[in-house]
Each structure stands twice: as C-alpha cells, then as structure tokens.
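# Structure at a glance
Below, each chain spelled out in residue letters.
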Amino acid sequence: NVLLYNIINQREQMKKTILNSVLILGVFFFSGCSMKEYKLFQTGTVKEEQTTKITPEDYQKELAYENKIAPNDRLSITVYVQSGQGSQQMSSILTTNSNNNTTSRDDDIGILVTQNGTVRLPMLGSVEIIGLTEDEASAKLIELYKTYIRNPYVKVEIKNQRVIVVGEVKKPGVVSVTNGTMNILEAIAQSGDLTDLAERNNVKIIRGDLRNPTVRSIDLANIVALNESSLFLRPNDIIYVQPRNLKGYNKAFEEIMPFWNTISSILNPFVQRKQIMDGTN
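Residues numbered from 1 in each chain as written. Predicted model: local features only at pLDDT ≥ 70, side-chain atom pairs only at ≥ 80, totals over all residues. Heavy atoms only, no water.

This brings us to the overall build of the chain. Scanning the chain from N- to C-terminus turns up seven helices and 13 strands. Classification of the 281 residues of the chain by burial places 30% in the buried group. Sequence-distant contacts in the chain: of pairs separated by 6 or more residues, those separated by 24 or more amount to 60%. When the accessible surface of the chain is summed, it comes to about 18800 Å², and 53% of that surface belongs to carbon and sulfur atoms. (Helix = DSSP H or I, 4+ residues; strand = E, 2+ residues; numbered from the N terminus. Buried < 20%, exposed > 50% of the residue type's maximum accessible area, 1.4 Å probe, protein only. Contact = heavy atoms within 4.5 Å. Areas by Shrake-Rupley, 256 points an atom, 1.4 Å probe, with all protein chains shown as cover.)

Quick look at the structure:
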C-alpha cells in the first residue's frame, strides 16, 4: 500500500509540474508581443543586427567634422572693440552669452536662430548665418561690423549643442556638448554608465531627419568591432542603449504573478481536500 501511494503521489506531482510548465509557456507565448515593446526604433522585421563599419575615408571626415549653425540654435555673440586709441585692450559692446535673470535656463541663453537662418543684431539688423561654422560666422560678422566699428573682433559660439541618451543607462536624458565634439563613451559616462540589463553589443546611434534617419549599430563589447566603427557623435544625435531580452522575461514574470497567485488560491482548497482524502484512505 505504501509503494502504491508513493507511485500515485509521484504521478500527481508530475501532473502538477507539467501543468505549471504548460501555463508558464502559454503565458510567454501570448506575452511574446509585449516583450518586443521594450525595444524602440524597430523595423518590424526580424534580422541579425550587424555592427556598422566605417571606411577610413569616412572616419577622417568624422574627425574633421565641425558643427554648422542651424535653425533653432542659440548663439552667444560677443563684439569687442579697442577700448582706447592706440590701445590693444579690448572691451565688449555687445554680449549675448548670459541673461540678467539668474533663474534662466541654458536654453534661454543667447540669440535664437530663426527658421529662416537669421539673427538680428544691433547696427546690422537681420543677418543670415545658417550653414556657417562658428569661425565662419565670426569672420562674416567682423566684416559687416567694420562698416560701423574700427577693428572689431567678434566671437560666436553655439550654446545648445547636445546629444540625447535614452534606454538602459542609469541617468537617461540630454547631455550637453561643451567641447565642440563628443564620443559615445563620454555621453554614456555622463549618463551614469550602462545598467546591468543593457545590450552592450548593439548600441544605436540615430542621426539626421527623424522621418528618415541614419542608424548605426555599435558593439561596445568587442574591441575589434570598435576598430571598424566610429564613436564620434554629432549634435542632436540620439544614443539608444537597448535592453536585453532578459528584461522582457523579467517583466513577463511580474505581469503573470498576480494571475498565477489567483489560480493558486482557487486550486489550493481542492488540492488540500484531495490530500486529506488520500490521507484518510
């Protein structure tokens, strides 16, 4: 009788294990679509991601790249003149790099470039400045101010250069580009480093028109792949650190636990009743 009871008990346990496995697999099957929601910028097709390779010629262009003024940029423009006749000391007659309001944000500093690519300056009026680098804009304004000022010197700086870091980093958000250039490692470092759930071999760089952007894939886990890539960023680039599939599985477990607890609470009285009856028999 004891042997028969053990056999029956083992069969019951096996049935429970099989039932649990079927339920879990079923939940994962039906929640497969929800796991995909954790990854942004998907194309809708399943394919193996490959690291974007940069030719030596394109890499040299990346090194020599200099940002150009675009609409909605904010510029700091300072105009200097000689403070006295025969003196080399310069003093500012115009500066737009700060505001008197101490509560102002960095986005409020300077002059906003209009959608037409112009800025309005004292004495000069509206000046087209779009498509110029900082040095080119300075040179243009120096020539224009020579009509009104003796030996002017003009300094132009783009104040709102930034990149956007989202995904599996500890502090996602907007990162200011203060040195004129930045690479992806600097941007990630300023975002608090990667999380444990970050997919390190497929970090995305989204660049250009958001309706038709160019997308690069960077493998940060492979030093050989880094040698064939370019880590340099441009202003307004979006760095997206994708989550590993493990995050989707973890979230799926969290979502099914209430359901599983409900089923367990419903079935528990029946299981206890059967155990009591088996013990009585």
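Counted according to the given criterion, the structure contains six salt bridges. Put simply, Glu-62 and Arg-216 hold a salt bridge, and the shortest N to O gap is 2.9 Å. Of this pair, Glu-62 sits in helix α3 (residues 56–64) while Arg-216 sits in strand β11 (residues 214–218), and the two are 154 residues apart along the sequence. The burial state of Glu-62 is the same as that of Arg-216; both residues are buried. Between Glu-62 and Arg-234 there is a salt bridge, with its nearest N and O atoms 4.0 Å apart. Of the two residues, Glu-62 sits in helix α3 while Arg-234 sits in the loop between β12 (232–233) and β13 (238–243), which places them 172 residues apart along the sequence. For Glu-62, a relative accessible area of 9% corresponds to the buried category. For Arg-234, a relative accessible area of 26% corresponds to the partly exposed category. Residues joined in a network through salt bridges with shared partners are Glu-62, Arg-207, Arg-216, Arg-234 and Asp-237. (Salt bridge = Lys/Arg side-chain N within 4 Å of Asp/Glu carboxyl O.)

Attention shifts here to the confidence of the model for the chain. In the predicted model, the chain carries a mean pLDDT of 77, and 61% of its residues have values of at least 70. Ignoring residues within four places in sequence, the model shows residues 99–104, a span with pLDDT below 50, making three contacts including any to other chains. (pLDDT = per-residue confidence, 0-100.)

This paragraph deals with helix α4 (residues 134–145). Compared with an ideal rise of 1.5 Å per residue, which puts 12 residues at 16 Å, α4 spans 16 Å between its outermost C-alpha atoms and is within 8% of the ideal. Inspection of α4 places Ala-137, Ser-138, Leu-141, Ile-142 and Tyr-145 among the buried residues, and these make up the whole buried set. On an axial view of α4, the arc spanned by its buried residues comes to 135°, and they lie on one face. (Expected span 1.5 Å × (residues − 1). Arc of directions from axis to C-beta.)

So, on to the packing of aromatic side chains. Tallied over the entire structure, the rule returns two aromatic pairs. The interplanar angle of 45° and the centroid separation of 6.1 Å between the aromatic rings of Tyr-59 and Phe-232 together place this pair among those described as tilted. Taken together, the residues Tyr-59 in helix α3 and Phe-232 in strand β12 connect sequence positions 173 residues apart. Look at Phe-232 and you get partly exposed, because its relative accessible area is 22%. Relative to Tyr-153, the ring of Tyr-80 has its centre 6.0 Å away and its plane inclined at 40°; by these criteria the two rings are tilted. Of this pair, Tyr-80 sits in strand β1 (residues 74–82) while Tyr-153 sits in strand β6 (residues 153–158), placing them 73 residues apart in sequence. For Tyr-153, a relative accessible area of 45% gives the class partly exposed. Above the plane of the ring of Tyr-65 lies Arg-234, whose end atom (NZ or CZ) is 4.0 Å from the centre. (Phe/Tyr/Trp six-rings, centres within 6.5 Å; stacked < 30°, edge-to-face > 60°. Lys NZ or Arg CZ within 6 Å of the ring centre and 35° of its normal.)

So, on to the sheet that holds strand β10 (residues 198–207). Read from one edge of the open sheet, five strands run β8-β7-β13-β10-β11, paired in mixed fashion. What marks the edges here is a single partner per strand, and that holds for β8 (173–176) and β11. Pairwise comparison of adjacent strand axes, ignoring direction, gives a mean angle of 25° for this sheet. One ladder, built from four bridges, connects strand β7 (residues 162–167) with β8; its direction is antiparallel. Paired with Val-165 across the bridge in β8 is Gly-173. (Pairing = 2+ DSSP bridges. Axes fitted to C-alpha atoms, helices over the stretch in contact; angles between N-to-C directions.)

With that out of the way, let us pick up the nonpolar core. When a protein is soluble and globular, its nonpolar side chains tend to lie buried together. Residues Leu-75, Ile-77 and Leu-141 are the most contacted members of the largest nonpolar core, which totals 20 residues. Elements that contribute at least two residues to this core include exactly β1, β4 (118–121), α4 and β6. Counting residues in hydrophobic clusters, the runner-up holds 19 residues, among them Val-169, Leu-194, Leu-233 and Ile-239. (Core = buried A, V, L, I, M, F, W, Y, C linked by side-chain atoms within 4.5 Å.)

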